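Results of the structural survey
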Amino acid sequence: MSALSPVLKQATQVLAVRGEGVHLYDESGRAHLDFTAGIGVTSTGHCHPRVVAAAQEQVGKLVHGQYTTVMHQPLLTLTERLGEVLPAGIDSLFYVNSGSEAVEAAMRLAKQATGRPNIVAFQGGFHGRTMAAASMTTSATKFRSGYGPLMPGVALAPFPNAFHYGWDEETATRFALRELDQLLATVTAPADTAAFIVEPVLGEGGYVPANTAFLQGLRERADRHGILLILDEVQTGFGRTGKFWGHDHFGGRPDIVVTAKGLASGFPLSAIAAPEALMAKAWPGSQGGTYGGNAVACAAAIATLDVIQDEKLVENAATRGGQLFTGLREVAAKHAAGAGRAGIGDVRGLGLMAGTEFTGADGEPDGATAAKVHAAAGERGLLLLTCGTQGQVVRMIPPLVVSEAEVAEGLRLWEESVDAVLGS
């Protein structure tokens, strides 16, 4: 008999047979409050009726029209609709299937457009598991170990992770930008540097937001040196942070945007977007793929945009995110780490992208306690994920349709879970 790879480990014990809104249902019919959203994918909730209807209608007309062979209307319509939400001046798109593929496409475009060999990525970033994407990923060694050497030409600079360094945000940001300047002076000369690639909020790296001074510092250096700025919005885009794009919080101005996850409510679809003049510098044959821009996925993405706009889900993410962070901080205050005591060291994130970091009595990351709280929540019907370099952060990523009552229920289950592990 064949079986799934033994290396694949599930974060929960749930065998899902049905999804509706913010809930997954197992074989026994038990409802589980899903604050994972398929790692931020089911932005409109499980099986939103309008997304389902759009996909069903498209399946009956055209499942796949390979987009370098024939063109199809869902791809053209989606491209037009994305023009309404992309940053100003970014008006050309290339579609693939996954975040990793899109990241590699963005990297390839940057190198071909500038004629420069190197990329600067930032410590703690996650950009994917494929070879080039993994070369730019430093959220944990598990994503890049055991099959090296990786792609050359990647230089790493600090991200302003204030909690990690034990500094305030201003100090961490000054340090990060100063070290970036040092990197450009000692490791990769500006004339050799094609792009900076950064997440507006570190995802797998622990749900650490960037800030205005940092992103504007990257923009200034990019402009000064002719370097492109790639913003990896795979997890932060499409309303997740309470603004349509994560970088909207910080006034960031990208040259290339990478998007995936919440783009099509669970259907495989990703894209890079850039100004047409920049996109035209990609070499012939460098952009393509069998399944990119699939007709059904594009139809689902169009419906996703409709739902986000008509149901005001970006605004809902901001409002419900405020409710979520208030509750998480109350629990953190009750179980605060410090004075030789293990507990919660930090709560951070943006919108409906919330992370709680556990630290030991020595102040170091405490992945073991995070794992226990994560498991306790699962037993109570609250599905969560962990992240961080040592799995010390428990993250909440509910669908953008989550209601006030559902956030309150999630917080109740969370408090019970933390109490059960750390003591009430």
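Below or above, wherever it landed, is the structure these notes cover.

Rules used throughout
- Residues numbered from 1 in each chain as written.
- Predicted model: local features only at pLDDT ≥ 70, side-chain atom pairs only at ≥ 80, totals over all residues.
- Heavy atoms only, no water.
- Helix = DSSP H or I, 4+ residues; strand = E, 2+ residues; numbered from the N terminus.
- Buried < 20%, exposed > 50% of the residue type's maximum accessible area, 1.4 Å probe, protein only.
- Contact = heavy atoms within 4.5 Å.
- 1 Å grid on protein atoms, 1.4 Å probe; cavity = no way out; pocket = protein on both sides within 12 Å on 5 of 7 lines; lining within 4 Å.
- Points joined across faces, edges and corners; volume = space filled by probe spheres on them.
- Nonpolar A, V, L, I, M, F, W, Y, C, P; charged D, E, K, R; others polar.
- Pairing = 2+ DSSP bridges.
- Core = buried A, V, L, I, M, F, W, Y, C linked by side-chain atoms within 4.5 Å.
- Phe/Tyr/Trp six-rings, centres within 6.5 Å; stacked < 30°, edge-to-face > 60°.
- Lys NZ or Arg CZ within 6 Å of the ring centre and 35° of its normal.
- Expected span 1.5 Å × (residues − 1).

**Examining unusual backbone geometry**
Cis geometry marks the peptide bond from Gly-148 to Pro-149; its omega dihedral reads 5°. Following the sequence through the fold, Pro-149 ends up in the loop between α5 (131–135) and β6 (154–157). For Lys-261, which is not a glycine, the phi torsion comes out positive at approximately 40°. Backbone geometry at Ala-339 places phi at a positive 55°, although glycine is not the residue there. Secondary-structure assignment places Ala-339 in the loop between α11 (313–334) and β13 (343–350). Judged by its relative accessible area of 86%, Ala-339 is exposed.

**Some details on the environment of Val-63**
For Val-63, the position within the fold is in the loop between α2 (49–59) and α3 (73–82). In sequence terms Val-63 and Val-296 are 233 residues apart; their C-alpha atoms lie 5.8 Å from each other. Among all residues touching Val-63, those that are not within four sequence positions of it are Gln-58, Asn-294, Ala-295 and Val-296.

**Details of the layout of surface pockets**
Each pocket or cavity is described by its volume, and for the second largest pocket that value is around 360 Å³. Looking at the second largest pocket, it is lined by 20 residues, and the ones nearest its centre are Asn-161, His-164, Gly-205, Thr-389 and Gln-392. Every element with two or more residues in the lining of the second largest pocket is listed here: α6 (162–165) and β14 (353–359). If you tally residues by element for the lining of the second largest pocket, the top one is α6, at 3 residues. For the lining of the second largest pocket, the per-class residue count stands at 6 nonpolar, 11 polar and 3 charged.

**Topic: the pairing of strand β7 (residues 193–198)**
For β7, a buried count of 6 out of 6 residues is recorded, marking the element as mostly surrounded by other parts of the structure. Two elements, β7 and strand β10 (residues 228–232), share 4 bridges in a ladder whose sense is parallel. Counted as the bridge partner of Val-198 is Leu-231 from β10.

**With respect to the nonpolar core**
In summary, soluble globular proteins display a tendency toward joint burial of nonpolar side chains. Membership of the largest hydrophobic core comes to 85 residues, with the highest contact counts inside it found for Leu-82, Ile-256, Ile-272 and Trp-414. Setting aside residues up to four positions removed in sequence, Trp-414 forms contacts with Leu-328, Val-331, Thr-356, Phe-358, Val-373, Leu-382, Leu-384, Val-394 and Met-396. In terms of nonpolar packing, the next biggest core, distinct from the first, is built from 31 residues, Leu-184, Val-198, Tyr-207 and Phe-214 among them.

**What to know about the packing of aromatic side chains**
In the structure shown here, the tally under the stated rule is 12 aromatic pairs. Seen in terms of ring centroids, Phe-238 and Trp-245 are 5.7 Å apart; in terms of plane orientation they differ by 90°. Their pairing is edge-to-face. On the basis of relative accessibility, which here comes to 1%, the residue Phe-238 falls in the buried class. Through pairs of rings, three or more aromatic residues link up here, namely Phe-122, Phe-159, Phe-196 and Phe-214. Sitting over the ring of Tyr-25, Arg-18 keeps its end group 4.0 Å from the ring centre.

**What to know about helix α12 (residues 367–379)**
For α12, built from 13 residues, the straight-helix expectation of 18 Å at 1.5 Å per residue is met to within 8% by its first-to-last C-alpha distance of 18 Å. Among the residues making up α12, those that are buried are Gly-367, Thr-369, Ala-370, Val-373, His-374, Ala-376 and Ala-377. Phi turns positive one or two residues past the end of α12, at Gly-381, with a value near 90°.

Geometric descriptors of this kind do not, in isolation, establish any biological role.
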